[in-house]
Amino acid sequence: MAIESSCDDTGVCILTENRQILSNILSSQIDIHNKFGGVVPEIASRQHLEHINPLIDEAMKEADIQFSDLDAVAATRGPGLIGALLIGVAAAKAIAFTNGIPFIGVNHLRGHIYANYLAFPDLKPPFTVLLCSGGHTQLINVSEKNDFTLLGNTLDDAAGEAFDKGARILNLGYPGGPLIQKAAEGGNAEAVQFPRALREKNNYNFSFSGLKTSLLYYIKKNENYDLKDVAASYQEAIIEVLVDKSFKAARKTGTRKVIIAGGVAANQRLREKAIEKAKKWRYEVFFPPIQFCTDNAAMIASAAWQRFINDDFDSLDTPAKPSLTVSSE
Ligand code: KG4
Ligand code: ZN
């Protein structure tokens, strides 16, 4: 069993020894937080607490199993909101303790990456990862020995945050990624020349805060703007930099394999552009199935499975850690 509760989604997944998903339940809090214009940590914790036990029951019922059938239990232990993480971690530890089974504290960022293994079980490092979500935008090298090294990071906003803030400026709602993608359909991506930051050679960091400001100025100056064109141009400015830097990072590390992960990996334009580039450069590119891009418990189960087969367990005094990084485990 794996539990996800790092932010505003509560998820429970039951995975078999052969990595088959028996059940994968998700309860989103988007409608509740929407009223406040963003995730309110205290409300998120209370919602997780309310939902966690019914979701565990539902996942086991759907999988047709009992607690005594479980071999191990995992929960996201970081990064994320401390109050939110604690609910999943406490529930998992209680199940581990009462059933005498091992506990695995999963790194949420690695979970996003492991979502790819649900579709590509034979995938093997070394590879270069673009992890782009609402909270993170990072380039990571994963070595043959499965060591994770950070190659680049965002200096300000994450790519998902750039979508979310852009959508707010355009009055589209939340979460912004899917809404901008939809608004951009049929638009001209070259209509507005939005800035691309940090384009120097060998710079694998990202910056999206200037882009958001330039969108704000553009719509102030052009009251009768064409939403399709503006959304397509804004989306293109984010996606172009993500794809370009990912492949350059893969070339630098010599991996020739690019793995894309995180909520923004659901973006169609990102998929198109990355596939196009991979063809041109004769690299391989991998994406998780769309439903496993944004936060879910199946990706946590996938990361936990890898640790389970290596007997790599955590003691019950391993704490939730909001500041966990991708290279710290
Ligand atoms: O991975 P995730 O669920 O949460 C974090 O761990 O941060 O990612 C959520 C982010 C949001 O910012 C959302 O706008 C973005 O992923 N997102 C997308 C798309 N679907 C979700 N961004 C671009 N295009 C999409 N289709
Ligand atoms: Zn996430």
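Residues numbered from 1 in each chain as written. Chains lettered and ligands numbered in written order. Predicted model: local features only at pLDDT ≥ 70, side-chain atom pairs only at ≥ 80, totals over all residues. Heavy atoms only, no water.

### Looking at the site of ligand 1
Working step 1: With respect to spatial proximity, 20 residues lie near ligand 1, and among them His112, Gly134, Asp164, Gly177 and Asp295 are the closest.
Working step 2: Within the side chain of histidine 108, a nitrogen or oxygen atom sits 3.4 Å from an oxygen atom of ligand 1.
Working step 3: Taking glycine 160, its main chain carries an N or O atom lying 3.1 Å from an oxygen atom of ligand 1.
Working step 4: Within the complex, the protein chains bury 88% of what would otherwise be the 560 Å² of accessible surface of ligand 1.
Working step 5: Sorting the residues of the shell around ligand 1 by element identifies helix H4 (108–119), helix H5 (159–169) and helix H6 (176–183) as the ones contributing at least two each.
Working step 6: For the shell around ligand 1, the element with the most residues is H6, which contributes four residues.
Working step 7: Considering only residue class, the shell around ligand 1 consists of six nonpolar, twelve polar and two charged.
Working step 8: Mapped onto the domain boundaries, the shell around ligand 1 takes at least three residues apiece from domain 1 (2–113 + 293–308) and domain 2 (125–287). (Near = heavy atom within 4 Å. Polar contact = N/O pair within 3.5 Å; in protein donor to acceptor, adjacent residues only side chain to side chain. Areas by Shrake-Rupley, 256 points an atom, 1.4 Å probe, with all protein chains shown as cover. Helix = DSSP H or I, 4+ residues; strand = E, 2+ residues; numbered from the N terminus. Nonpolar A, V, L, I, M, F, W, Y, C, P; charged D, E, K, R; others polar. Domains from an automatic or database assignment.)

### Details of the coordination of the zinc ion (ligand 2)
Working step 1: Around the zinc ion (ligand 2), the protein supplies His108 (NE2), His112 (NE2) and Asp295 (OD) as donor atoms, at distances of 2.0 to 2.1 Å.
Working step 2: Around the zinc ion (ligand 2) sit four donor atoms; with metal-centred angles ranging over 95 to 130°, the donor geometry is tetrahedral.
Working step 3: Binding-site remark: the zinc ion (ligand 2) is held by donors from one chain whose sequence spacing is H-x3-H-x182-D. Residue histidine 112 is located in helix H4, and its partner aspartate 295 is located in the loop between strand S10 (284–286) and helix H10 (297–309); the two are separated by 183 residues in the primary sequence. Judged on exposure class, the residue histidine 112 and its partner aspartate 295 are both buried. (Donors = N, O, S within 2.8 Å, 3.2 Å for Na, K, Ca; no water. Tetrahedral: all angles 85-135°; square planar, octahedral: opposite > 155°, others 65-115°. Buried < 20%, exposed > 50% of the residue type's maximum accessible area, 1.4 Å probe, protein only.)

### So, the sheet that holds strand S9 (residues 257–261)
Working step 1: Pairing within the open sheet is mixed, and its five strands lie in the order S8-S7-S6-S9-S10. Looking at the sheet topology across the chains shown, the edges are occupied by strand S8 (148–153) and S10. If you compare each strand with its neighbour and ignore which way they point, the axes differ by 20° on average.
Working step 2: Bridge analysis of strand S6 (residues 127–132) against S9 gives four bridges, and the strand direction is parallel. (Pairing = 2+ DSSP bridges. Axes fitted to C-alpha atoms, helices over the stretch in contact; angles between N-to-C directions.)

### Thoughts on the pattern of salt bridges
Working step 1: The final tally for this structure, using the stated rule, is 15 salt bridges.
Working step 2: Residue arginine 46 is joined to glutamate 42 by a salt bridge in which the shortest nitrogen-to-oxygen separation is 3.0 Å. Separated by four residues within a single helix, arginine 46 and glutamate 42 lie in helix H2 (residues 41–63), roughly one turn from each other.
Working step 3: For arginine 46, a relative accessible area of 55% translates into the label exposed. (Salt bridge = Lys/Arg side-chain N within 4 Å of Asp/Glu carboxyl O.)

### Section: H5
Working step 1: Taken across its eleven residues, H5 has eight buried, putting it largely inside the fold.
Working step 2: Within H5 the residues assigned to the buried category are Ala159, Gly160, Ala162, Phe163, Asp164, Gly166, Ala167 and Ile169.
Working step 3: Following H5 by one or two positions, asparagine 171 has its phi on the positive side, about 55°.

### Section: the domain arrangement of the chain
Working step 1: Parsing the chain into structural domains produces domain 1 (2–113 + 293–308) and domain 2 (125–287).
Working step 2: Relative placement of domain 1 and domain 2: their C-alpha centres are 28 Å apart.
Working step 3: Of the residues lining the interface, eleven residues belong to domain 1; the matching set on domain 2 comes to 17 residues.
Working step 4: Interface area for domain 1 against domain 2, summed over the two sides, is near 1100 Å², with a carbon-plus-sulfur share of 72%. (Contact = heavy atoms within 4.5 Å. Buried area = accessible area lost by both parts, 1.4 Å probe.)

### Some words on the packing of H5 against helix H8 (residues 227–253)
Between two packed helices, the angle of one axis relative to the other and the distance separating the axes together describe the packing.
Working step 1: It is at 11 Å that the axes of H5 and H8 come closest, and there the two elements cross at 175°. The angle between H5 and H8 falls in the class roughly antiparallel. Facing H5, whose interface residues are Ala159, Ala162, Phe163 and Gly166, H8 presents Tyr234, Gln235, Ile238, Ile239 and Leu242. (Parallel < 35°, antiparallel > 145°, perpendicular 65-115°, else oblique.)

### Looking at helix H3 (residues 82–99)
Working step 1: If you check H3, its first and last C-alpha atoms are 26 Å apart, about what 18 residues at 1.5 Å a residue would give, namely 26 Å.
Working step 2: Along H3, the residues classified as buried are Ala84, Leu85, Ile87, Gly88, Val89, Ala91, Ala92, Lys93, Ile95 and Ala96.
Working step 3: Note on H3: the residue one or two positions beyond its end, glycine 100, has a positive phi of about 60°. (Expected span 1.5 Å × (residues − 1).)

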